Amino acid sequence: MTVPNGHRLAATDDAGVTTADQWCEALAEHAVRTIALDVGRLVVVAPHPDDEVLGLGATMAARSAARSTSRYPDSPHLPDSSGVADSLGSPDPLDVVVCVSDGSASHPGEVAPEVMRGRRQAECEDGARELGIGLRMLDLPDGGLNAADVDAALHPVLDELAPATVAVTWSGDGHPDHHVCAESVQRWIAAREGATLLEFPVWMWHWARPGDPDVPWERLRRVSMPRSESTAAGGSRTEDMTADAFAHKRRALAAHASQLASQSDAPDATVILPPAVVERFFLGDEWVFTP
């Protein structure tokens, strides 16, 4: 399988090409249009546990908090993420992450796949709880997703959840699993009417440069954060939720501890997301590509 920009990701070292500060500066100078997500359920399709947090963790946290505020104005807490089925018929349903693979292949030769599988499932559950969202885990084997298996597992779940918007990793991200999942969602969207498709970059931030010709910058959009409305003496008040949403995102990412620190005593032990990589996902906004 030929993966768009796979050679770019493979040729990039652990430090990456463009720092978070450089991305912030470049994005501030680039006239990026803003997109507001549709009303209704957002489903984020994550090829691996943690992709959802990296891509749209703050957006999901802000939407959860806004939903909680509108239903329970006096509560500062995010909603319980356990009741996905109960919210299917709601006009304001809970957002859901669908995690496709079990994440068991993240540390080959260092941690046994069965151990890593359980570890990453628990991390994904903790992260979803922090964001106030629902979670479905498809548990496909990590390290080589294929179109037939992903379609068979993912499409019935999307049919059940009936999302207004589906967000998935960008098909050009350079990672084969990200590409397979994006193409699967594209096929599901093409067979249905009314759902919006968005794709979020993950590894692009690692291998690309500002203005990179392999990136469709004309399709890049800044995601508009929902704002909370509260009623107090003297009238209603609207509050910007960005700072709180990114704080939830950082705590949700911290739940994925296996990706943030070495998992063995080997001198060359793998750290999937070292600090310089993590900071590329805290650029002040979250970003998606439109079709």
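Conventions used here
- Residues numbered from 1 in each chain as written.
- Predicted model: local features only at pLDDT ≥ 70, side-chain atom pairs only at ≥ 80, totals over all residues.
- Heavy atoms only, no water.
- 1 Å grid on protein atoms, 1.4 Å probe; cavity = no way out; pocket = protein on both sides within 12 Å on 5 of 7 lines; lining within 4 Å.
- Points joined across faces, edges and corners; volume = space filled by probe spheres on them.
- Nonpolar A, V, L, I, M, F, W, Y, C, P; charged D, E, K, R; others polar.
- Buried < 20%, exposed > 50% of the residue type's maximum accessible area, 1.4 Å probe, protein only.
- Helix = DSSP H or I, 4+ residues; strand = E, 2+ residues; numbered from the N terminus.
- Salt bridge = Lys/Arg side-chain N within 4 Å of Asp/Glu carboxyl O.

Looking up the chain in an unreviewed UniProt entry gives the name LmbE family N-acetylglucosaminyl deacetylase, with the organism given as Corynebacterium freneyi.

A. Highlighting empty space enclosed by the protein. Tallied over the full model, the rule gives one cavity of 30 Å³ or more. One number sums up the size of the largest cavity: a volume of about 70 Å³. In terms of lining residues, the largest cavity is bounded by Leu54, Gly55, Pro201, Trp205, Lys249, Arg280, Phe281, Phe282, Leu283, Asp285, Glu286 and Trp287. Partitioned by chemical class, the residues of the lining of the largest cavity number seven nonpolar, one polar and four charged.

B. Local environment of unusual backbone geometry. For Asn5, which is not a glycine, the phi torsion comes out positive at approximately 65°. A residue is classified by how much of its surface remains accessible, and Asn5, at 10% relative accessible area, is buried. Even without being a glycine, Asp50 presents a positive backbone phi close to 105°. You can see Asp50 is positioned in the loop between β2 (42-46) and α3 (51-71).

C. Region of interest: the pattern of salt bridges. For the structure on display, the rule yields 14 salt bridges. Taking the shortest distance from any N to any O, the salt bridge between Arg8 and Asp212 comes out at 2.6 Å. Residue Arg8 is found in helix α1 (residues 6-10), and its partner Asp212 is found in the loop between α7 (204-207) and β7 (220-223); the two are separated by 204 residues along the sequence. Taken individually, Arg8 and Asp212 each receive the classification buried, so the pair is uniform in this respect. Among the salt bridges present, the one from Asp95 reaches Arg67, with a minimum N-O distance of 3.4 Å. Within this pair, whereas Asp95 is found in the loop between α3 and β3 (96-101), its partner Arg67 is found in helix α3, the two being separated by 28 residues in sequence. The network of salt bridges with common partners includes Arg8, Asp212 and Asp214.

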